[in-house]
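# Topology and contacts: notes
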Amino acid sequence: MKKIKKGKCGAVLIDYALITLGVVIAASAIYFFLVPSHLVVGSIAGMAIVITELTGISMTVITMGLNILFLILGLIFVGREFGVKTIYTSMLLPVILGVWEYLFPDFESIMGDPFLDLICFCLFIAMGQAILFWRNASSGGLDIAAKIVNKYLRLDLGVALTLCGTAVSLSAAFAYDVKTVVLSLLGTYLSGTILDHFLFGINSKKKVCIISDENDIIRNFVLHELRSGATLYDAVGAFTNEVRRELTVIVNKAEYSQLMSFISKTDENAFVTVYTVNEIIYRPKNL
């Protein structure tokens, strides 16, 4: 029992260490790239930048206040679906921003160009958010607003998040020029696209469906050389009504290259279809 508790404790510590890393990366992206160029990319930080410009109140204070406000609204309108992780990240983000404000007051743009700052911000914020989503956490803020919109307007969560982000980006018009508004809208789109790449593109796999006269040879290659699993289906030709065996395999990018090379050498007349798979849920077997 003690060993199990120690194991669970270690897993929790690793979990929160990674969540903290994700928040630090996100906060750094906001402070070192977003703030100096006054970009209002759709997020709580973007909203805080506009309010800071209009009121002169510290961005750290505004970010903390907005996160607390959205947590309260979430508990009222959505329910207790946020858990400890969301509360932790919502409170940690303004703390990290406060540390950067204290260590680097009046920080100016590293790149010296708003567009380059935007690109760097999108890359780093997507990296931080990917770590948070990987550990089943979020940065709170607009995620909570999107859940409220999703619940009461019955919109898809992705659509709700895009609408909330766009509204925040458009709010830049109250404090900045048209160029900043356009860059902010572009950044909202880019950050979502890059986040999708971090979440899905890196770990994507290929689903390869093969109909061949040499299926047994290809199957043995998959099982014993690639050490991967495979599934066999009966496929019926619509024109001939002939029953053929279809071999279906899920492989990573390196295995895909090896498999396609082997198929081309083994049976150049094989019928092969390939699909990109973004997520696979399974329990690996020891072969």
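The rules behind each value
Residues numbered from 1 in each chain as written. Predicted model: local features only at pLDDT ≥ 70, side-chain atom pairs only at ≥ 80, totals over all residues. Heavy atoms only, no water. Axes fitted to C-alpha atoms, helices over the stretch in contact; angles between N-to-C directions. Helix = DSSP H or I, 4+ residues; strand = E, 2+ residues; numbered from the N terminus. Parallel < 35°, antiparallel > 145°, perpendicular 65-115°, else oblique. Left-handed = near helix turned anticlockwise from the far one by under 90°. Contact = heavy atoms within 4.5 Å. Nonpolar A, V, L, I, M, F, W, Y, C, P; charged D, E, K, R; others polar. Disulfide = S-S within 2.5 Å. Salt bridge = Lys/Arg side-chain N within 4 Å of Asp/Glu carboxyl O. Buried < 20%, exposed > 50% of the residue type's maximum accessible area, 1.4 Å probe, protein only. Expected span 1.5 Å × (residues − 1). Arc of directions from axis to C-beta.

Describing two packed helices takes the angle between their axes plus the distance from one axis to the other. Close contact between helix α2 (residues 44–55) and helix α3 (residues 59–77) brings their axes to 9 Å; oriented N to C, the two are set at 130°. What the angle tells us is that α2 and α3 run oblique. In the crossing of α2 with α3, the sense of the turn from one axis to the other is right-handed. Residues Ile44, Ala45, Met47, Ala48, Ile49, Ile51, Thr52 and Thr55 of α2 lie in contact with α3, whose contacting residues are Met59, Ile62, Thr63, Leu66, Asn67 and Phe70. The residue inventory of the contact of α2 with α3, partitioned by class, reads ten nonpolar, four polar and no charged.

Applying the stated criterion across every chain yields a total of zero disulfides. Of all cysteine sulfurs in the structure, the one in Cys122 sits closest to Cys120, which takes part in no disulfide; the separation is 9.4 Å.

Next up on the list: the pattern of salt bridges. Enumeration according to the criterion identifies three salt bridges in this entry. Between Arg244 and Asp213 there is a salt bridge whose closest N-O contact spans 3.0 Å. Taken together, the residues Arg244 in strand β3 (residues 243–251) and Asp213 in the loop between β1 (205–211) and α9 (215–225) connect sequence positions 31 residues apart. Classification of Arg244 as partly exposed rests on a relative accessible area of 29%. Residue class for Asp213 comes out exposed when judged on its relative accessible area of 64%. Where Asp216 meets Arg219, a salt bridge forms, and the shortest distance between an N and an O atom there is 3.5 Å.

Over its 14 residues, helix α10 (residues 253–266) extends 20 Å from the first C-alpha to the last, a length consistent with the 20 Å expected when each residue adds 1.5 Å. Of the residues making up α10, those classed as buried are Glu255, Leu259 and Ile263. Angularly, the buried residues of α10 cover 65° about the axis, an arc narrow enough to put them on a single face. Pointing more than 90 degrees away from the buried face of α10 are the exposed residues Lys253 and Lys265. Where the residues of α10 are buried, they touch β1, α9, β3 and β4 (271–277).

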